[in-house]
Amino acid sequence: MRWAVAHALSHPAIYRTEAACDVMNMASARVMEKAGMVQEAVLRRHLLLPNLSKEPRDAFLYSKVR
């Protein structure tokens, strides 16, 4: 994840990277934090994860900007 974020931001035309994860998936949230991303928002009913629920689930939005 660190490499992917750094690679994306190394391109002159890209100023922002972002990713989302389920609010209950703390492992993914931690990976994004370790990659230097910052939590920006909670997106209500954003992700559809059929193996967990038939209803859309809340998600954390993380980003890193240069």
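One can find the structure itself at the top, above this paragraph.
Below, the structure is looked at part by part. Model, not experiment: these values are computed from the prediction.

**Observations concerning the overall build of the chain**
- Across its full length, the chain carries two helices and three strands.
- Going from the N terminus to the C terminus, the chain shows its helices and strands as α-β-α-β-β.
- Oriented by its inertia axes, the alpha-carbon framework of the chain measures out at about 40 × 20 × 20 Å.
- Counting the 66 residues in the chain, one finds 24% classified as buried.

**Observations regarding the sheet that holds strand β3 (residues 57-65)**
- Read across the open sheet, the three strands follow the order β1-β3-β2; overall the sheet is antiparallel. Every other strand in the sheet has two partners, leaving β1 (16-22) and β2 (38-47) as the edge strands with one partner each. Across the sheet, the axes of successive neighbouring strands diverge by a mean angle of 30°, strand direction being ignored.
- By the bridge criterion, six bridges tie β2 to β3 in an arrangement that is antiparallel. If you follow L43 over to β3, its bridge partner there is A59.
- Packing against the sheet, helix α2 (residues 26-34) makes contact with β1 and β3, and its axis sits at approximately 165° to β1.

**Re the environment of E18**
- Its place among the elements puts E18 in strand β1.
- When near neighbours in sequence (up to four residues on either side) are disregarded, E18 contacts M37, L61, Y62 and S63.

**Digging into the packing of aromatic side chains**
- Counted by the stated rule, this structure contains one aromatic pair.
- Judged by centre distance (6.4 Å) and plane angle (85°), the ring pair of F60 and Y62 falls under edge-to-face. Take F60 and Y62: they sit in the same class, and that class is buried.
- Between the NZ or CZ atom of R66 and the centre of the ring of Y15, over which it lies, the distance is 4.3 Å.

The rules we used
- Residues numbered from 1 in each chain as written.
- Predicted model: local features only at pLDDT ≥ 70, side-chain atom pairs only at ≥ 80, totals over all residues.
- Heavy atoms only, no water.
- Helix = DSSP H or I, 4+ residues; strand = E, 2+ residues; numbered from the N terminus.
- Buried < 20%, exposed > 50% of the residue type's maximum accessible area, 1.4 Å probe, protein only.
- Pairing = 2+ DSSP bridges.
- Axes fitted to C-alpha atoms, helices over the stretch in contact; angles between N-to-C directions.
- Contact = heavy atoms within 4.5 Å.
- Phe/Tyr/Trp six-rings, centres within 6.5 Å; stacked < 30°, edge-to-face > 60°.
- Lys NZ or Arg CZ within 6 Å of the ring centre and 35° of its normal.

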